Amino acid sequence: MSRTTGMSRSVLGAVAVTAVAALTLTACGSGSGSASAGGGSGKAKVKVGLITKTDTNPFFVKMKQGAEKSAKEHGAQLLTAAGKFDGDNAGQVTAIENMVASGVKGILLTPSDSKAIVPAIEKARAKGVLVIALDTPTDPQSAADALFATDNLRAGELIGEYAKSAMKGKTAKIATLDLAPGVSVGVQRHDGFLKGFGIGAKDKPIVCSQDTGGDQAKGQTAMENCLQKDPGINLVYTINEPAALGAYTALKAKGREKDVLIVSVDGGCTGTRAVKDGKIAATSQQYPLKMAAEGVDAVVKYAKDGKKASGYTDTGVTLITDKTQTGVTSKDTGFGLKNCWG
């Protein structure tokens, strides 16, 4: 998100912009006269597509920057597209079709609907296009050639382990502020948190669970609803930092912001500053720029030698906190702010 979620997003230049149904398709290059990825001047540039869920979420803005930087380094041409909203599957399908028609060698995709996008991916792959999912896996994961992403289960597990250590000696009353039903990133982070804390989905410590869509306003409403259900909540897991800040706002309104532990996932700059300010106790930081840069590298390599990337590549996650806990490996907010995004 998120999804989110660790680096600059500078735009290299819009060469051509075509309005396409629910999204914008933009071709970005490293300037006229660039060599191809194969090395010789005068050859056609390798075309790489990047399709994100939206173009406004800081996580995807950072992802685009990573792709642009890598494309420039390789002398490749980057085509970009984004849905109008998170969940715009029809827009992503149209983007894939247009990119294939434009002659891309590979497409990097953060699927809005992991299942519904599969037929469009299969058509692209049948035409020899390498398809790499970024951040969010397709369903099934094998529908794409490869996945470059945070280990979201591990990201949740890290904050679960942290929360368990921080709550030592206290009886936990937990509110989980989740994403939405069936979204793989949200499910993995939630399940990871439970695993790290050492509890099951139906265990007594969980007193309230609400969906937030990863939105700050909805996070605030969800926290308000949970406090009505059980005013004694003392630990809050959130799908991402906007939801965490919404929860903090609701808790502050009740005078509870000092005695409720909030843990989250993403590692955006706003969220990392919230950790530094004590609003969030800890967050698991992920690295969208790295996902995209490595994706572009893989497409260019495929253009050179015909070898396709495959399987899962873990792009890393780091627990960020200034309040360390025994037995839990972490980095401070100084590290987090140097590697954040947004």
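1. A closer look at the state of the cysteines
For step 1, the next point in the chain: Scanning the entire structure with this criterion turns up 2 disulfides.
For step 2, the next point in the chain: Residue Cys 208 pairs covalently with Cys 226 via a disulfide, S to S 2.1 Å. Every disulfide takes its handedness from the sign of the S-S torsion; for Cys 208 and Cys 226 that torsion is -75 degrees, giving left-handed. Of this pair, Cys 208 sits in strand 9 (residues 206-211) while Cys 226 is found in helix 6 (residues 216-229), placing the two residues 18 residues apart along the sequence.
For step 3, the next point in the chain: Since its relative accessible area comes to 3%, Cys 208 is described here as buried.

2. Examining the pairing of strand 9
For step 1, the next point in the chain: Of the strand pairs in this sheet, strand 8 (residues 174-178) and strand 9 are connected by 5 bridges, and their pairing is parallel. Each bridged residue has a counterpart across the sheet, and for Asp 178 the counterpart in strand 9 is Asp 211.
For step 2, the next point in the chain: In terms of handedness, the path from strand 8 via helix 5 (residues 184-197) over to strand 9 forms a crossover that is right-handed.

3. Examining the nonpolar core
In a soluble, globular protein the nonpolar side chains are often hidden away together inside.
For step 1, the next point in the chain: Membership of the largest hydrophobic core comes to 26 residues, with the highest contact counts inside it found for Phe 193, Phe 197, Leu 235 and Val 263.
For step 2, the next point in the chain: Breaking this core down by element, the ones donating at least two residues are helix 4 (152-166), helix 5, strand 10 (235-238) and strand 11 (261-266).
For step 3, the next point in the chain: Of all the elements, helix 4 adds the most residues to this core, at 5 residues.
For step 4, the next point in the chain: Discounting residues that sit within four places of it in the chain, Leu 235 has contacts with Ala 163, Met 167, Lys 173, Ile 174, Ala 175, Phe 193, Phe 197, Val 260 and Leu 261.

4. Considering the pattern of salt bridges
For step 1, the next point in the chain: All chains considered together, the criterion is met by 9 salt bridges.
For step 2, the next point in the chain: Glu 73 serves as the salt-bridge partner of Lys 69, at 2.7 Å between the closest nitrogen and oxygen. In this pair, Lys 69 and Glu 73 both sit in helix 1 (residues 58-74), 4 residues apart, roughly one turn of the helix.
For step 3, the next point in the chain: Across the pair Asp 305 and Lys 301 runs a salt bridge, and its minimum N-O distance is 2.9 Å. Pair noted here: Asp 305 and Lys 301 are both in helix 9 (residues 288-305), with a separation of 4 residues, about one helical turn.

5. A few points about the packing of helix 6 against helix 7 (residues 241-253)
For step 1, the next point in the chain: Orientation of helix 6 relative to helix 7, taken along the N-to-C sense of each, is 45 degrees, at an axis distance of 7 Å. With respect to helix 7, the axis of helix 6 lies oblique. Considering how the two elements wind past one another, helix 6 and helix 7 form a crossing that is right-handed. For the pair helix 6 and helix 7, contact is made by Gln 216, Gly 219, Gln 220, Met 223, Glu 224 and Leu 227 and by Pro 242, Ala 243, Leu 245, Gly 246, Ala 247, Thr 249, Ala 250 and Leu 251, respectively.
For step 2, the next point in the chain: When grouped by side-chain class, the residues that make up the contact of helix 6 with helix 7 number 8 nonpolar, 5 polar and 1 charged.

6. Considering the sheet that holds strand 11
The strands that make up a sheet pair up through hydrogen bonds in the backbone, lying either parallel or antiparallel.
For step 1, the next point in the chain: Strand order in the open sheet formed by 6 strands is 9-8-10-11-12-14, and the pairing between neighbours is mixed. The open sheet has two edge strands, strand 9 and strand 14 (318-320), and neither has a second partner. Across the sheet, the axes of successive neighbouring strands diverge by a mean angle of 15 degrees, strand direction being ignored.
For step 2, the next point in the chain: Of the pairings in the sheet, the one linking strand 12 (residues 282-285) to strand 14 comprises 3 bridges and is antiparallel in character. Pairing of Thr 283 across the sheet is with Ile 320, part of strand 14.

7. Some details on the packing of aromatic side chains
For step 1, the next point in the chain: Under the definition given, this model contains 4 aromatic pairs.
For step 2, the next point in the chain: Between Phe 59 and Phe 60, the ring centres sit 5.4 Å apart and the planes meet at 85 degrees, which makes this aromatic pair edge-to-face.
For step 3, the next point in the chain: Taking 6.0 Å as the distance between ring centres and 25 degrees as the angle between the ring planes, the aromatic pair formed by Phe 193 and Phe 197 counts as stacked. In this pair, Phe 193 and Phe 197 are both assigned in helix 5, 4 residues apart and thus about one turn of the helix distant. For the pair shown, Phe 193 and Phe 197 are each scored as buried.
For step 4, the next point in the chain: Counting every residue linked through ring pairs, the aromatic cluster contains Phe 59, Phe 60 and Trp 341.
For step 5, the next point in the chain: The aromatic ring of Tyr 302 is capped on one face by Lys 105, whose charged end is 5.0 Å from the ring centroid.
For step 6, the next point in the chain: The cationic tip of Lys 331 hangs over the ring face of Phe 335; the distance from NZ or CZ to the ring centre is 5.4 Å.

8. Description of the confidence of the model for the protein
For step 1, the next point in the chain: Here the protein shows a mean pLDDT of 89. Residues at 70 or above account for 88%.
For step 2, the next point in the chain: The low-confidence segment residues 1-24, where pLDDT is below 50, has 105 contacts with residues more than four positions distant or belonging to other chains.
For step 3, the next point in the chain: Under a pLDDT of 50 for its full length, residues 30-41 has, in the predicted model, 20 contacts with residues more than four places off or in other chains.

9. Some thoughts on a positive patch on the surface
For step 1, the next point in the chain: Taken together, Lys 252, Lys 258, Lys 279 and Lys 323 make up a surface patch of like positive charges.
For step 2, the next point in the chain: By secondary structure assignment, the location of Lys 258 is in the loop between helix 7 and strand 11.
For step 3, the next point in the chain: Given a relative accessible area of 76%, Lys 258 falls into the exposed group.

Parameters and conventions
Residues numbered from 1 in each chain as written. Predicted model: local features only at pLDDT ≥ 70, side-chain atom pairs only at ≥ 80, totals over all residues. Heavy atoms only, no water. Disulfide = S-S within 2.5 Å. Helix = DSSP H or I, 4+ residues; strand = E, 2+ residues; numbered from the N terminus. Buried < 20%, exposed > 50% of the residue type's maximum accessible area, 1.4 Å probe, protein only. Pairing = 2+ DSSP bridges. Right-handed = clockwise from strand over helix to strand, strands pointing away. Core = buried A, V, L, I, M, F, W, Y, C linked by side-chain atoms within 4.5 Å. Contact = heavy atoms within 4.5 Å. Salt bridge = Lys/Arg side-chain N within 4 Å of Asp/Glu carboxyl O. Axes fitted to C-alpha atoms, helices over the stretch in contact; angles between N-to-C directions. Parallel < 35°, antiparallel > 145°, perpendicular 65-115°, else oblique. Left-handed = near helix turned anticlockwise from the far one by under 90°. Nonpolar A, V, L, I, M, F, W, Y, C, P; charged D, E, K, R; others polar. Phe/Tyr/Trp six-rings, centres within 6.5 Å; stacked < 30°, edge-to-face > 60°. Lys NZ or Arg CZ within 6 Å of the ring centre and 35° of its normal. pLDDT = per-residue confidence, 0-100. Patch = residues over 30% accessible without salt bridge, like charges linked within 9 Å, V, L, I, M, F, W, Y side chains within 5 Å. Areas by Shrake-Rupley, 256 points an atom, 1.4 Å probe, with all protein chains shown as cover. Lys, Arg positive; Asp, Glu negative; His and termini not counted. Charge placed at Lys NZ, Arg CZ, Asp CG, Glu CD.

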